[in-house]
Each structure stands twice: as structure tokens, then as C-alpha cells.
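Read off the chains here:
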Amino acid sequence: MPFHQDSFEAVVIGGGITGAGVARDCAMRGLKTLLLEKGAPGAQTTAASSHLIHGGLRYLLYDRLTTHATSWDSGNILRVAGALLKRLPFIWPVYRWHSHGIETVETLLEEYDRFQRMKGGRPHLRFSASDTLRVVPSLEPAGLVGSVAFDEWLVDPVALVEANLESARRHGATVRCGVEATGLVRSGGRVTGVETASGPIPARLVINAAGPWIDRVAAFAGASIGLSLRQGTHLVYGRRLMPAGLILEAPPEAYPPGAGRDQTRCVFVIPMGDRTLVGPTDVPCADDPGRLQSEPDEVRYILGTVRRYLAGLPRHHDRTTVGARPILEVSGDEKRLSRGFEVFDHQSRDGAAGLLTIGGGKMSDFRLMAEAVTDLACRKLGVDVPCRTHLETLGGQPVPSHPSFALPRRNFKEFLGRRPRLRELHALSYLGLAFARHLARRVAGGRRLARPEDWDAYYR
Ligand SMILES: Cc1cc2nc3c(=O)[nH]c(=O)nc-3n(C[C@H](O)[C@H](O)[C@H](O)COP(=O)(O)OP(=O)(O)OC[C@H]3O[C@@H](n4cnc5c(N)ncnc54)[C@H](O)[C@@H]3O)c2cc1C
């Protein structure tokens with residue numbers, strides 16, 4: 001039967017990493033599932049990402065529980081998608097002119113080490129200035145104090161989407177790309193299906209996983225979701241520029257005019273096979289997420305940062321990528337925007353039964369996002385089947401046994417989720433304690449700096 005003449009228990013709108021993860025979870029719990037993607041799978045925000053499955057080092061500054069949850073789920077993603085992930089070591093060089101000294105940066109990495117073990121990451125290393133230059137000889141030597149090294153996981157995001165969709169199909173889901181949800185079918189206030197150009201598709205439940213378009217899809221049911229879209233541009237070089245990833249603090253003169261100085265901004269250099277990604281930016285996004293364009297100011301900011309450190313950067317990049325981070329709006333300033341996710345039950349929230357939305361989050365916790373919204377979908381549909389997406393690899397094999405770690409308590413995460421100021425204070429108080437411990441250890445002495453051969457032994 002053609003899919004548009006069939007009816008489904010769950011119709012998922014959006015075939016980025018979020019929707020692909022949701023379709024897999026729904027199908028693995030036995031729901032008759034359809035996924036609709038208006039374009040190609042993973043071709044929007046997901047493809048424009050920095051290609052990292054990471055724990056969210058930066059969130060330790062203002063949203064520690066999101067670092068915790070993301071690291072936890074990154075560990076699951078590593079186990080289910082292992083073959084698609086590759087360890088990528090990063091060097092974070094620290095210069096005399098930087099806003100944070102090396103003791104502060106190392107403290108941040110010491111705190112991150114606690115979460116690294118959840119995601120198969122290695123504890124950080126610290127190098128002297130001269131040994132940093134042995135590991136990355138092309139770095140600017142003037143003013144270099146030293147560096148810290150740590151690792152994240154590199155992934156081809158479109159391959160990750162496709163592998164999730166393939167797994168969903170194997171579990172019985174139908175996937176249709178090139179089909180846009182143009183509206184929602186409603187009956188007596190309840191959402192009962194999805195409108196498409198080929199006609200309506202009946203559904204017991206519609207799950208809106210449309211990334212930066214979730215607000216538009218929710219609006220089909222008269223619901224509003226506040227999104228604060230943040231545009232991110234990368235420059236792509238058609239060759240490998242570095243032996244390792246780099247984190248480079250942006251010098252103030254590189255900031256685009258009007259950019260806030262309230263937080264330190266960094267540019268990543270990410271070697272991926274025989275290409276290199278350099279970016280991203282993080283600027284408000286005024287446009288339709290489907291028609292984004294990199295702005296000259298963004299390119300100037302990236303180049304102005306990287307050239308400060310790498311005089312040998314090629315004059316021309318080959319292309320740019322641009323995407324819109326689908327960040328949920330909260331009151332408060334930009335710095336405190338959470339990278340966490342939320343499940344919206346439009347029945348209790350807007351009187352639109354039959355519609356759920358999954359919003360916010362990142363690629364690095366897509367599986368957890370899918371689990372959260374599918375748990376609710378199952379409760380609504382009266383289906384009592386637990387999530388298994390962390391127990392089976394994308395290829396269909398059982399996940400081998402592994403150490404288990406606890407997630408942050410859900411009610412505590414929700415409590416801080418609604419209170420950005422408290423969330424930031426909570427994060428900073430951990431860092432404050434960690435800094436005191438770090439300084440005491442430094443003064444007590446006996447700490448060995450890593451050597452370049454440690455780098456080789458560690459990451460090769
Ligand atoms: C510059 C940048 C760098 C990032 N780097 C990272 C990173 O390194 N690691 C990380 O974890 N996260 C990263 N993120 C965040 C991450 O990329 C996103 O959170 C994630 O990709 C969002 O996936 P998604 O599926 O929700 O959205 P998308 O990938 O945008 O997918 C949504 C899909 O919905 C489809 N759609 C929309 N409306 C309809 C409709 N009406 N009918 C049918 N289909 C529809 C769209 O075509 C689209 O394919 C980054 C984001 C940006 C912008």
C-alpha cells in the first residue's frame with residue numbers, strides 16, 4: 001500500500017539526527033512508524049554541525065547537568081555507532097594575552113575528566129610551551145604559555161542519520177524523504193494526522209522533530225514554541241591542515257561589530273580525513289533556517305582568529321557550511337541559553353492532543369532526546385515497552401557489557417532548567433571548588449607535565 005494511504009501509530013516529522021533517532025526508537029518499541037523528511041536525510045543542521053560527539057566542555061561554565069547528560073549519552077552513542085566514530089584529540093593552546101590563564105583552563109579540563117570516562121574519553125594532558133610546539137609545530141610561539149589536550153569523537157553526521165534510519169527500517173519503520181508535512185490534520189482540537197501534497201496521512205500521534213523548524217510545525221496546531229536560533233558557519237578546507245584538533249580563543253579584535261564581549265569565544269580547527277573544518281560562529285539567526293547564508297563578518301571573525309595562531313593558513317577556503325542551532329528560548333541573556341532539550345506535550349500545554357515536540361539538544365544527545373519523547377509517546381499510546389536503543393548497535397548487534405554511570409536526577413535538571421541564573425551559579429560553584437583544589441595541588445608540587453611521547457602513546 002502506498003504510504004499515504006496507510007495509517008500509522010507515530011508519524012515523525014523531520015529526518016535530521018533527532019527525527020532519525022526518534023523513528024528508530026519508536027520502531028524498536030513496536031510502534032507502526034512513518035518518518036517524513038522534506039529534503040535529504042541529515043542535510044540541514046545536522047550536516048552543518050562541527051561533526052563532534054562531545055560532552056559539552058563549554059557548558060561546564062553555565063549548565064553542568066547538560067554536560068553530565070550529554071557525556072552520558074555520548075557514551076551510548078559510542079557503543080551503538082562505534083564504527084562511525086573516530087577519536088579526535090584536541091590541543092587548547094593558552095597564550096599570555098588570553099582571558100583565562102592555563103591554571104583556569106586546566107581546572108576546566110580536570111572537571112571535564114570526570115565526565116570523559118562516561119564517553120570513553122581520556123583524562124587531559126598538560127604540555128609546556130616548547131612541547132606544545134613539538135606536537136603542533138605550526139602554532140605561533142610568541143606568548144605561548146602551554147596547552148592542555150583532551151579528546152572528543154568525530155563522526156560523519158549524515159552517515160549517523162542514515163545508519164539510524166536504516167536501523168529504524170529494519171525494525172519496521174517507513175521512511176519517506178522528499179515529502180513535506182504541509183499541515184496537521186485536526187479533529188475536535190486533536191491532531192489526527194499529517195497533511196502532505198499527496199494527501200493526509202492518519203496518525204495516532206505526530207512527533208515534531210523538525211529541528212529549527214519545530215516552531216513552524218507546532219504552529220500548524222496553533223501552538224507556539226520560542227526558539228532562539230543561533231547561526232553557525234564553518235570554513236571548509238579541502239586538505240588536512242593539522243595533526244590534531246585545535247581550540248583557539250578569539251582575540252577581541254576578531255569579534256564581529258556588535259558581538260557581546262560577555263564570554264570567551266573560541267574557534268575550532270577540526271581535521272576530518274583529508275579535509276579540515278574551521279569554525280563555528282555563534283550569531284543570532286534572523287533568517288528562515290532553510291535559507292541561511294554565511295555573512296562576511298562571520299568569515300572575517302574565523303579568519304581573524306585562526307591567522308593569529310597559524311600564519312601558514314591557506315589563503316583560500318573551499319566552501320562554507322552554515323546551520324541554525326535550534327536552541328529553546330529562555331528569558332535571560334545569551335550566555336545562559338541552555339543546550340539542553342525539552343519534550344513538549346501539546347495536549348497539556350496547548351490543548352492539542354496527538355502532538356508532541358522534541359526541541360533543543362544536540363547531536364551528541366540525540367539518542368536520549370529520542371528516548372524521552374518516545375517514552376511519552378508510548379505512555380500516550382498505552383504501549384509498555386522500554387527503550388532499547390542503547391542496548392543494540394545500529395547494525396543490530398547486542399551492545400557488550402560496559403561500566404554504567406548515573407544520569408543527573410531528572411527533577412533537579414528540570415528545576416535548574418527553568419532557572420538560568422541558578423543553573424549558572426550551580427556550574428560555577430563546582431568550578432570554584434575545583435579551582436581551589438587545583439591551586440592547592442599546584443602549590444604542593446609534584447605534578448608532571450606531559451611529554452610529546454605521551455601524546456603519541458595516548459592518542460595514536
Ligand atoms: C554550526 C553548528 C555546529 C554544531 N556542532 C555540533 C557538534 O559538533 N556536536 C553536536 O552534538 N551538536 C552540534 N550542533 C547542534 C546539532 O547540529 C543540532 O542540534 C542537530 O543537528 C539538530 O538536529 P535536528 O534533527 O533536530 O535538526 P535538522 O538536522 O535541521 O533536521 C530537521 C529536519 O526536519 C526537516 N523538516 C523541517 N520541516 C519539515 C516539514 N514540515 N516536513 C518534513 N520535514 C521537515 C528538515 O528538512 C530537516 O532535515 C551544531 C549546530 C550548529 C548549527
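This section reports on the structure supplied with the text. Computed from a predicted structure; not experimentally measured.

Brief notes about the site of the ligand
Next up, step 1: Around the ligand sit 36 residues in total, of which Glu37, Thr45, Thr46, Leu52 and Ser364 are the nearest.
Next up, step 2: Measuring from a nitrogen atom of the ligand, one finds a backbone N or O atom of lysine 38 at 3.1 Å.
Next up, step 3: The separation between an oxygen atom of the ligand and a polar main-chain atom of methionine 363 is 3.1 Å.
Next up, step 4: Protein chains shield 96% of the accessible area of the ligand, which is 1,000 Å² for the free molecule.
Next up, step 5: Where the shell around the ligand is concerned, the elements lending two or more residues are α1 (17-28), β2 (33-37), β11 (227-237) and β16 (319-328).
Next up, step 6: Sort the elements by how many residues they give to the shell around the ligand and β16 lands first, with four residues.
Next up, step 7: In the shell around the ligand, the residues fall into 14 nonpolar, 17 polar and five charged.

Here we look at the packing of α1 against helix α9 (residues 366-381)
Next up, step 1: One way to put it is that α1 packs onto α9 with a least axis distance of 8 Å and a crossing angle of 50°. With respect to α9, the element α1 is oriented oblique. α9 is crossed by α1, and the crossing has right-handed handedness. Contacts between α1 and α9 involve Ile17, Thr18, Gly21, Val22, Asp25 and Cys26 from the first element and Phe366, Met369, Ala370, Glu371, Val373 and Thr374 from the second.
Next up, step 2: Among the residues forming the contact of α1 with α9, the class breakdown is seven nonpolar, three polar and two charged.

Here we look at the environment of lysine 362
Next up, step 1: One can find lysine 362 in the loop between β18 (355-360) and α9.
Next up, step 2: A relative accessible area of 12% means that lysine 362 is categorised as buried.
Next up, step 3: Through-space distance from the C-alpha of lysine 362 to that of proline 251 is 27 Å; in sequence the pair is 111 residues apart.

Re the pattern of salt bridges
Next up, step 1: All told, the structure shown has 31 salt bridges when counted by the stated rule.
Next up, step 2: In this structure, aspartate 25 engages arginine 29 in a salt bridge whose closest nitrogen and oxygen atoms are separated by 2.8 Å. Accessibility assignment for this pair places aspartate 25 and arginine 29 in one class, buried.
Next up, step 3: The residue lysine 362 makes a salt bridge to aspartate 365 at a minimum N-O spacing of 3.2 Å.
Next up, step 4: Because the salt bridges share partners, they merge into one network encompassing Arg58, Arg230, Asp282 and Arg325.

Points about the layout of surface pockets
Rolled over the atoms, a probe as big as a water molecule pinpoints where empty space is left.
Next up, step 1: One number sums up the size of the second largest pocket: a volume of about 1,000 Å³.
Next up, step 2: Those elements giving two or more residues to the lining of the second largest pocket turn out to be α2 (64-81), β17 (341-345), α9 and α10 (410-417).
Next up, step 3: It is α9 that contributes the most residues to the lining of the second largest pocket, six residues altogether.

Points about the packing of aromatic side chains
Next up, step 1: Inspection of the entire model under this criterion finds eight aromatic pairs.
Next up, step 2: An angle of 40° between the planes, with centres 6.3 Å apart, marks the rings of tyrosine 95 and tryptophan 97 as tilted.
Next up, step 3: Owing to a relative accessible area of 3%, tyrosine 95 belongs among the buried residues under this scheme.
Next up, step 4: In textbook terms, an aromatic cluster arises when at least three aromatic residues are bridged by ring pairs, as seen for Phe90, Tyr112, Phe150 and Phe268.
Next up, step 5: Here lysine 32 stacks its cationic end above the ring of phenylalanine 8, 5.3 Å away from the centre of that ring.
Next up, step 6: For the cation-ring pair, arginine 122 lies above tyrosine 458, with the distance from its terminal atom to the ring centre recorded as 6.0 Å.

Some points on a nonpolar patch on the surface
Next up, step 1: There is a patch of nonpolar side chains on the surface, built from Phe415, Leu422 and Leu425 and spanning about 240 Å² of accessible area.
Next up, step 2: Tracing the sequence through the fold places leucine 422 in helix α11 (residues 420-444).
Next up, step 3: Classification of leucine 422 by relative accessible area gives partly exposed; the value is 39%.

The rules behind the values
Residues numbered from 1 in each chain as written. Predicted model: local features only at pLDDT ≥ 70, side-chain atom pairs only at ≥ 80, totals over all residues. Heavy atoms only, no water. Near = heavy atom within 4 Å. Polar contact = N/O pair within 3.5 Å; in protein donor to acceptor, adjacent residues only side chain to side chain. Areas by Shrake-Rupley, 256 points an atom, 1.4 Å probe, with all protein chains shown as cover. Helix = DSSP H or I, 4+ residues; strand = E, 2+ residues; numbered from the N terminus. Nonpolar A, V, L, I, M, F, W, Y, C, P; charged D, E, K, R; others polar. Axes fitted to C-alpha atoms, helices over the stretch in contact; angles between N-to-C directions. Parallel < 35°, antiparallel > 145°, perpendicular 65-115°, else oblique. Left-handed = near helix turned anticlockwise from the far one by under 90°. Contact = heavy atoms within 4.5 Å. Buried < 20%, exposed > 50% of the residue type's maximum accessible area, 1.4 Å probe, protein only. Salt bridge = Lys/Arg side-chain N within 4 Å of Asp/Glu carboxyl O. 1 Å grid on protein atoms, 1.4 Å probe; cavity = no way out; pocket = protein on both sides within 12 Å on 5 of 7 lines; lining within 4 Å. Points joined across faces, edges and corners; volume = space filled by probe spheres on them. Phe/Tyr/Trp six-rings, centres within 6.5 Å; stacked < 30°, edge-to-face > 60°. Lys NZ or Arg CZ within 6 Å of the ring centre and 35° of its normal. Patch = residues over 30% accessible without salt bridge, like charges linked within 9 Å, V, L, I, M, F, W, Y side chains within 5 Å.

Without other data, these values stay purely geometric and don't point to any function.
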